[in-house]
Amino acid sequence: MRRSTPYLGLTAVSLAGLLFVLLLHPPLMRGRFQERIEAEKDLVRGLGITDLCLFTDSRYSRHPAQADMHSAFQDNPGSFDLFPSGSMVLPPLLRDVGHGMDR
């Protein structure tokens, strides 16, 4: 038996156990947080919130529908995005804004 076989077996069993716990946890905890979920639903209904806040780190990834196209590069146009959420949110589609950009 190779020395990597027990390691891979233990890793597979650990990942299967973790997946089992991740799938089992939400249904078990739903009753515990049901009151909070209902209160948040009432808050959303009362305030009339329309957009979902996806991330909390940068203003252009909080509400992608309300972000302008250049806010990620406002400080330095050639810089990399500092926040990991910038790589998870797709950039907005280009629209014709009168500058000959048809897409």
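Structure shown above.
None of these values were measured; they are calculated from a predicted model.

J.: What's the story with the overall build of the chain in this structure? I'm lost.
T.: For the chain, the count of helices and strands is two helices and zero strands. Burial statistics for the chain: of 103 residues in total, 5% are counted as buried. Considering only intrachain contacts with a sequence separation of at least 6, the fraction spanning at least 24 residues in the chain is 29%. For the chain, the accessible surface area stands at approximately 9,400 Å², while carbon and sulfur atoms represent 64% of it.

J.: So what exactly am I meant to see when it comes to a nonpolar patch on the surface here?
T.: On the surface, F20, V21, L24 and L28 cluster together into a nonpolar patch covering about 410 Å² of accessible area. Topologically, L24 is positioned in helix α1 (residues 4-47).

J.: Quick question: what am I supposed to make of the pattern of salt bridges here?
T.: Any two side chains of opposite charge can pair, given that their charged atoms come close. Scanning all chains against the criterion turns up two salt bridges. Between E40 and R36 there is a salt bridge, with its nearest N and O atoms 3.1 Å apart. Remark: R36 and E40 occur in helix α1; sequence separation between them is four residues, near one turn of the helix. Exposure remark for R36: the relative accessible area of 54% places this residue in the exposed category. In this structure, the salt-bridge partner of R45 is D42, at a minimum N-O distance of 2.8 Å. Taken together, the positions of R45 and D42, both in helix α1 and three residues apart, correspond to about one turn of that helix. Given a relative accessible area of 46%, D42 falls into the partly exposed group.

Parameters at a glance
- Residues numbered from 1 in each chain as written.
- Predicted model: local features only at pLDDT ≥ 70, side-chain atom pairs only at ≥ 80, totals over all residues.
- Heavy atoms only, no water.
- Helix = DSSP H or I, 4+ residues; strand = E, 2+ residues; numbered from the N terminus.
- Buried < 20%, exposed > 50% of the residue type's maximum accessible area, 1.4 Å probe, protein only.
- Contact = heavy atoms within 4.5 Å.
- Areas by Shrake-Rupley, 256 points an atom, 1.4 Å probe, with all protein chains shown as cover.
- Patch = residues over 30% accessible without salt bridge, like charges linked within 9 Å, V, L, I, M, F, W, Y side chains within 5 Å.
- Salt bridge = Lys/Arg side-chain N within 4 Å of Asp/Glu carboxyl O.

The values are spatial; any link to function lies outside them.
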